[in-house]
Amino acid sequence: MQHNHKNMNYFVDEQGYYGDFGGAYIPEMLYPNVEELRANYLKIIADPGFRAEFDQLLKDYVGRPSPLYRAGRLSERYGANIFLKREDLNHTGAHKINNTIGQILMAERLGKKRIIAETGAGQHGVATATVCALRGLECVVYMGEIDIQRQAPNVARMKMLGAKVVPATSGSKTLKDATNEAMRDWINNPVDTHYIIGSVVGPHPYPDMVARFQSVISAETKKQLLEQTGSALPDFVLACVGGGSNAIGMFYHFLDDTAVKLVAVEAAGKGVRSGYSAATTLLGQEGVLHGSRSILMQTEDGQVVEPHSVSAGLDYPGIGPQHAHLFKTGRGEYVSITDEESLQAGLLLTQMEGIIPAIESAHALAYLEKMDLKTGQSVVVCLSGRGDKDMETYMKYFGL
Amino acid sequence: MNRLEALFSKKKQNILSIYYTAGYPALNDTLRIAEELEAAGADLLEIGFPYSDPVADGPVIQGSSKIALDNGMNLKLLFEQLKDLRSRVNIPVLLMGYVNPMLQFGVENFCRACKEVGVDGCIVPDLPMAEYERHYKTLFGSYDLCNIFLITPQTSEERIRKIDSLSRGFIYLLSSSATTGKNLDVSEDTEAYFSRIQSMNLKNPLMIGFGIHDRHTFKKTAAYASGAIIGSAFVKNIGEGKPVSDFIASITGT
Ligand SMILES: Cc1ncc(COP(=O)(O)O)c(C=O)c1O
């Protein structure tokens with residue numbers, strides 16, 4: 001597919017849109033809070049005091065920059081240079097904390113006293129509970145009942161961090177429903193609460209704000225790649241997509257470098273045509289979910305379809321509006337990987353590099369098997385999180 | 001002037017509007033309930049078309065929406081059920097629901113179907129003013145449909161004025177910022193808020209809704225507006241199989 005990217009804009013416009021996607025489709029009850037955020041977020045992010053505090057916390061508390069590691073044995077296997085961006089080494093074990101640090105500082109500057117969040121795998125919930133403990137703010141995390149069962153260690157971590165974990169018992173009892181419950185909480189608490197959304201989804205300005213906080217991933221990668229290889233630009237960048245925050249973070253500073261191919265890996269679940277899948281771009285149509293116009297899995301009547309993935313973090317029927325735009329314009333290539341392929345890729349990385357990845361991240365790794373890489377090419381894979389939270393799933397699948 | 005505007009021009013107080021979910025409790029109850037409501041004395045109907053992810057709704061309407069969807073309700077079927085609406089029901093009817101089912105049905109198709117069956121307007125909580133103005137205002141106008149906007153205690157005066165200028169029919173004043181179905185307790189703050197809006201002398205009539213569940217809360221809120229809206233409390237009653245007329249009598253006291 002050939003596109004002329006020269007005149008394309010991949011970033012948000014004044015109205016909160018990425019091409020046809022984005023906007024703020026929210027009930028009036030949420031308007032004052034979302035508008036307050038919209039009117040202030042760019043000013044706050046541009047403020048040198050904010051910047052300094054954000055950078056300091058990322059460095060001393062999160063442990064950034066995260067390493068860019070050239071995976072020697074994987075490189076040999078695939079006949080190309082495979083680099084792993086080690087977001088799994090961040091404090092709390094995933095990229096999610098880059099965003100929660102940014103948003104907690106934002107919430108403080110907006111004078112908010114109470115924090116709510118949704119979580120799927122529990123990584124965003126843990127990252128939110130962590131920053132709330134750090135700053136002494138009240139924290140309530142909504143989590144689907146099914147996810148509470150399959151991610152028990154993260155539930156315990158959130159509780160130990162002082163957060164209240166509220167089960168979402170409606171619908172599919174997973175991430176989508178946890179997001180609905182968080183939005184309902186915000187409607188009912190309109191004054192002192194900030195909602196820390198965990199991905200590049202939700203009404204404008206959330207997708208752009210979260211993307212800016214996560215963009216540290218690609219900013220560092222460019223610098224590290226230049227130091228290690230003499231070129232800041234790889235041939236391919238790979239990341240998994242739930243809502244799409246680690247992928248946007250990984251793509252962000254490469255968006256205008258059109259020589260770099262951006263590959264987003266969705267969860268095919270038990271197979272794209274199995275009825276148990278979360279491969280949004282393949283199975284979805286344009287529509288509105290959780291406050292923005294994007295692509296989502298739905299029936300022809302516009303009812304949202306319940307997705308499936310072995311990885312709770314990818315078990316979401318939509319993608320962020322910027323991804324919908326990258327997909328529609330062809331700037332990004334959207335592919336999918338099954339439950340089984342991801343678990344095998346997780347085992348492979350563990351045994352070839354000594355790194356146990358989150359099953360979400362293993363989806364991105366699994367796509368390496370399907371690429372036709374040439375000697376000398378380089379690929380950066382966003383290793384978005386570590387696999388500790390997934391040990392039970394790995395144990396069951398591999399009979400460990 | 002459509003039926004909705006006609007209602008507000010002739011009745012100035014204690015207008016009773018009832019919300020219920022189409023296809024609930026049973027798939028074919030939609031028109032039966034409309035007829036019974038009119039016979040019992042309701043002035044205005046808001047028929048909900050169900051959505052899988054109703055973020056502005058509490059447990060009761062979430063539950064009725066889920067059952068309606070499981071019963072097989074969708075917009076296409078709803079408009080078929082409403083084919084006989086105007087031979088059986090005279091009071092104004094609004095459709096209420098979320099934007100995604102409308103988008104998949106096609107917004108123009110939706111407007112045309114409303115016009116054909118005699119629906120007078122709609123309430124779409126997650127279709128914000130900016131989007132409505134940019135994409136759909138002309139369309140709604142050309143089919144003579146009223147689009148009803150919500151305001152809350154946190155809505156700024158400037159925005160209320162803007163909403164007033166874009167509105168036709170009435171403005172939906174939320175008793176508090178809340179999801180549907182949380183029982184209202186009319187406090188001093190609430191009354192101060194109602195008075196504040198009332199004294200703005202908006203060009204559109206006001207209807208107060210959310211949390212109104214009995215005769216007391218109906219009277220108390222309706223006093224500050226042209227009337228009030230009852231949703232969850234009514235839905236709960238029909239879910240329990242209680243007669244429509246008994247519920248309306250318990251509100252109006254007739
Ligand atoms: C390790 C990890 N990777 C990826 C994701 C998916 O989220 P996103 O697409 O926003 O990066 C999650 C979500 O919980 C996660 O925990």
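A quick note: this is a predicted structure, and the numbers were derived from the prediction, not measured.

1. Re the overall build of chain A
Within chain A, the secondary structure is distributed over 16 helices and 14 strands. The globule rule puts the C-alpha radius of gyration for 400 residues at 21 Å, and the 19 Å found for chain A is close to it. Projected onto its principal axes, the C-alpha coordinates of chain A cover approximately 55 × 45 × 45 Å. Within chain A, the proportion of its 400 residues that are buried is 64%. Carbon and sulfur atoms make up 51% of the accessible area of chain A, which totals about 14100 Å². Between the centroid of the 38 positive side chains of chain A and the centroid of its 45 negative side chains there is a distance of 3 Å.

2. Some points on the UniProt feature "active site" (unreviewed entry) in chain B
This chain's UniProt record puts "active site" (unreviewed entry) on B:Glu46 and B:Asp57. With respect to the element layout, B:Glu46 can be found in strand β2 (residues 44–48). Residue B:Glu46 is classed as buried on the basis of its relative accessible area of 0%. Ignoring sequence-local partners within four residues, the contact set of B:Glu46 consists of B:Ser17, B:Ile18, B:Tyr19, B:Tyr20, B:Leu94, B:Met96, B:Ile123, B:Phe170, B:Tyr172 and B:Ile229. At 3.0 Å, the side chain of B:Glu46 and the side chain of B:Ser17 are in polar contact. Following the sequence through the fold, B:Asp57 ends up in the loop between β2 and α3 (59–71). Residue classification places B:Asp57 among the buried positions, given a relative accessible area of 9%. When residues no more than four places from it in sequence are discounted, the contact partners of B:Asp57 are A:Arg184, B:Gln62, B:Tyr98, B:Thr179 and B:Thr180.

3. Topic: the nonpolar core
A:Phe251, B:Leu37, B:Leu95, B:Phe170, B:Ile230 and B:Phe234 are the most contacted members of the largest nonpolar core, which has 186 residues in total. When residues of this core are sorted by domain, at least three fall in each of domain 1 (25–59 + 96–210) and domain 2 (65–93 + 215–398) of chain A. If sequence neighbours within four positions are ignored, B:Ile230 has contacts with B:Leu16, B:Ser17, B:Ile18, B:Tyr19, B:Ile212, B:Phe218, B:Phe247 and B:Ile251. Core analysis: the second largest hydrophobic core is formed by 30 residues, A:Tyr78, A:Leu84, A:Leu238 and A:Val265 among them.

Rules used in this analysis
- Residues numbered from 1 in each chain as written.
- Chains lettered and ligands numbered in written order.
- Predicted model: local features only at pLDDT ≥ 70, side-chain atom pairs only at ≥ 80, totals over all residues.
- Heavy atoms only, no water.
- Helix = DSSP H or I, 4+ residues; strand = E, 2+ residues; numbered from the N terminus.
- Rg over C-alpha atoms; globule rule 2.2 N^0.38 Å.
- Buried < 20%, exposed > 50% of the residue type's maximum accessible area, 1.4 Å probe, protein only.
- Areas by Shrake-Rupley, 256 points an atom, 1.4 Å probe, with all protein chains shown as cover.
- Lys, Arg positive; Asp, Glu negative; His and termini not counted.
- Charge placed at Lys NZ, Arg CZ, Asp CG, Glu CD.
- UniProt positions renumbered as here; feature names shortened; annotations may be inferred.
- Contact = heavy atoms within 4.5 Å.
- Polar contact = N/O pair within 3.5 Å; in protein donor to acceptor, adjacent residues only side chain to side chain.
- Core = buried A, V, L, I, M, F, W, Y, C linked by side-chain atoms within 4.5 Å.
- Domains from an automatic or database assignment.

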